[in-house]
Amino acid sequence: MKVSNCMTTDVQIANPEQTLQDVALMMGRLDAGVLPVSENDRLVGMITDRDIAIRGVAEGKGPEAKVRDVMSVKVRYCFDDEDVEDVLHNMGDLQIRRLPVLNRDKRLVGIISLGDLATKGEATGTGKALSGISQRGGEHSQTAH
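Since the structure is predicted, the reported quantities are computational estimates derived from the model, not experimental observations.

The rules behind each value
- Residues numbered from 1 in each chain as written.
- Predicted model: local features only at pLDDT ≥ 70, side-chain atom pairs only at ≥ 80, totals over all residues.
- Heavy atoms only, no water.
- Core = buried A, V, L, I, M, F, W, Y, C linked by side-chain atoms within 4.5 Å.
- Buried < 20%, exposed > 50% of the residue type's maximum accessible area, 1.4 Å probe, protein only.
- Helix = DSSP H or I, 4+ residues; strand = E, 2+ residues; numbered from the N terminus.
- Contact = heavy atoms within 4.5 Å.
- Polar contact = N/O pair within 3.5 Å; in protein donor to acceptor, adjacent residues only side chain to side chain.
- pLDDT = per-residue confidence, 0-100.

Caption draft 1: The arrangement of the nonpolar core in detail. Val 3, Cys 78, Leu 99, Ile 112 and Leu 117 are the most contacted members of the largest nonpolar core, which totals 15 residues. Mapped onto this core, the elements with two or more residues apiece are helix H3 (84-94), strand S4 (98-102) and helix H4 (114-119). A total of five residues in this core trace back to one element, the largest contributor, which is H3. Residues in contact with Leu 99, not counting those within four places in the same chain, are Arg 76, Tyr 77, Cys 78, Val 87, Met 91, Ile 111 and Ile 112. Within the second largest apolar cluster, 13 residues are counted, among which are Val 23, Met 26, Met 27 and Ile 52.

Caption draft 2: Here's a closer look at the environment of Leu 114. On the secondary structure map, Leu 114 appears in helix H4. Residues Leu 114 and Met 7 lie 107 residues apart in sequence; the distance between their C-alpha atoms is 9.9 Å.

Caption draft 3: Focus on the side chain of Ser 72. Take Ser 72: it is sitting in the loop between helix H2 (49-56) and strand S3 (78-79). Within the structure, the side chain of Ser 72 is placed 3.1 Å from the side chain of Arg 55, a separation counted as a polar contact. Discounting chain neighbours no more than four positions away, the residues touching Ser 72 are Val 44, Gly 45, Met 46, Asp 51 and Arg 55.

Caption draft 4: Structural view of the confidence of the model for the protein. A residue-level look at the protein finds 83% of positions with pLDDT of 70 or above and a mean pLDDT of 86. When mean pLDDT is taken per element in the protein, helix H1 (residues 20-30) scores highest with 97 and helix H5 (residues 123-133) scores lowest with 52.

Now the structure itself:
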């Protein structure tokens, strides 16, 4: 199965100059915990509700702080034509629960999460990926920043 068969295509994008309050409100409306961040038509980061809590609020940043102050700038992604099994393995190794999905022209076309994969027929691989993701630490650990 290809990523394009499982991904969510209705993706909202944040701007690095938006405030944390604006992005938190957007996440609430969307019932989403992550947003890709784009500037000048380029994917420049990802912001999660956890980024807002740990890198924002816990470090004394207020609701007027900018997305660029707390977002993750090292963006991992996958392509829409990749096999789901390969992406799941990669997500487990990288300890990431969600990935932006690009087409081969490097345009954002969606986002894929473990939830998408679990509900669309890849439960076995999802369990293995979750096992890797759930290990403490890793490149995307909030304590590493």
